[in-house]
Amino acid sequence: MHSHRGSMTSSSSGYRPLRALGELSETRYWMYLLLLPSLVMILLVIAYPTLYGMAISFREMRLTRPGLGGWVGFKHYAAMWSDPVFWIALKNTVVWVTAAVVLELALGLLAATALNRDLPGTKIFAVLILLPYFLPNVVAGHMWALLLDPRLGVINDLLVRAGVLHTYKAWFADPNTALAATVLVEAWHGFPFFALLLLAGLKSIPEDLYKAAAVDGAGVPAQLRLITLPMLKTVIAAAVILRVIGLVNSPDLLLILTGGGPGDATQVLSLYAFQTAYKEFNFGYASALSVVMFVILMIFATAYIRLSRITKGDGDD
């Protein structure tokens, strides 16, 4: 009898964790418990590297002089004010990102509008449009470097034969054309990103709105201004923010095409930070450049969201 009671007590104690877990699943804290693994991964993969990079920006860290480490405060940030390359890179970053995003948005909207129509050959056209986005930046960069090569480039040959140019031109070696050439390459490579998102947005616009506008005498430009763009406002804002973040943080295409040259004609902040870290091994100054980029992106995203008013409902407009 005594052993039977003992077994009953041990079995009931074994059910206590299960009973407690069941009771916990009925409370609101269960949701936070399920989110805990994801939160830990975010802290390890995103938060910790970001905070560590910010901490490095206040230290002297050079791999070529390992004994030089130490806290230097705002020394690297103060050095930026007298660094001419930083200001050139900042200006080029604004020009490069703005021009690329405007071109990609325009081409993406044009492509999405064409794909939204049920015309013969639309599927083949869609594959051709999306093909550039599927290419890695390394492949796209080397391909365009060959196409615009001053000796063997096909584009130079076509322009000379058409009479546009008198002789082959080194597009990436000329300070007057290098940045513009990289912008065109980036626009070709990135506009399918906008085309995909805008096409999804166009599919959600009721066709009756366009029919009603056509009955009222609104042409295609008026329909674009009064229906398409307002209905795509949220999609456009999200796509622009994501694309700007990607362009500011991705120096690989410029690294392949120009390496920041000739001189500093195509030097941007992300490429400057990369070269400072992995060519000069000055990780302290490179981290400070990265922090400045992070702050600029945060300011841009906040200002753009407020100006575009995507967080307000239609009733607030």
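Residues numbered from 1 in each chain as written. Predicted model: local features only at pLDDT ≥ 70, side-chain atom pairs only at ≥ 80, totals over all residues. Heavy atoms only, no water.

Asks: Before we go on, may I ask you to explain the UniProt feature "transmembrane region" (unreviewed entry) in the chain in this structure?
Replies: Per the UniProt record, "transmembrane region" (unreviewed entry) is annotated on residues 29-51, 93-112, 124-147, 178-202 and 283-305. Taken as a whole, residues 124-147 contains 92% helix and 0% strand, while its terminal C-alpha atoms sit 24 Å from one another. Secondary structure content for residues 283-305 is 100% helix and 0% strand, and the end C-alpha separation is 32 Å. (UniProt positions renumbered as here; feature names shortened; annotations may be inferred. Helix = DSSP H or I, 4+ residues; strand = E, 2+ residues; numbered from the N terminus.)

Asks: Help me understand the confidence of the model for the chain in this model?
Replies: When pLDDT is low, close inspection of the predicted coordinates is not appropriate. When the pLDDT values of the chain are averaged, the result is 84; 86% of them are 70 or greater. Within the model, pLDDT remains below 50 along residues 1-12, and this stretch shows zero contacts once partners closer than five positions in the same chain are excluded. (pLDDT = per-residue confidence, 0-100. Contact = heavy atoms within 4.5 Å.)

Asks: Whenever I open this one, the side chain of threonine 258 confuses me. Can you help?
Replies: Along the chain, threonine 258 falls in the loop between helix 12 (252-257) and helix 13 (269-278). Within the structure, the side chain of threonine 258 is placed 2.7 Å from the side chain of threonine 266, a separation counted as a polar contact. Setting aside residues up to four positions removed in sequence, threonine 258 forms contacts with Phe172, Thr182 and Thr266. (Polar contact = N/O pair within 3.5 Å; in protein donor to acceptor, adjacent residues only side chain to side chain.)

Asks: What's the story with helix 11 (residues 233-249) in this structure? I'm lost.
Replies: In an α-helix, one turn spans 3.6 residues; hence positions three or four apart end up facing the same way. Its 17 residues give helix 11 an end-to-end C-alpha distance of 24 Å, which sits within 8% of 24 Å, the value for a rise of 1.5 Å per residue. Those residues of helix 11 not exposed but buried are Ile236, Ala237, Ala239, Val240, Ile241, Arg243, Val244, Leu247 and Val248. On its buried face, helix 11 sits against helix 4 (84-115), helix 8 (178-203), helix 10 (220-231), helix 13 and helix 14 (283-308). (Expected span 1.5 Å × (residues − 1). Buried < 20%, exposed > 50% of the residue type's maximum accessible area, 1.4 Å probe, protein only.)

Asks: How should I be thinking about the pattern of salt bridges in this particular structure?
Replies: Two side chains carrying opposite charge are able to pair once their charged atoms lie near each other. Summed over the entire model, instances satisfying the criterion amount to seven salt bridges. When the shortest N-O distance is used, the salt bridge between arginine 161 and aspartate 157 registers 2.8 Å. Residue arginine 161 and its partner aspartate 157 are located together in helix 7 (residues 154-161), separated by four residues, close to a single helical turn. For aspartate 157, a relative accessible area of 24% gives the class partly exposed. One salt bridge in this structure joins lysine 169 and aspartate 174, with 2.9 Å as the shortest N-O distance. (Salt bridge = Lys/Arg side-chain N within 4 Å of Asp/Glu carboxyl O.)

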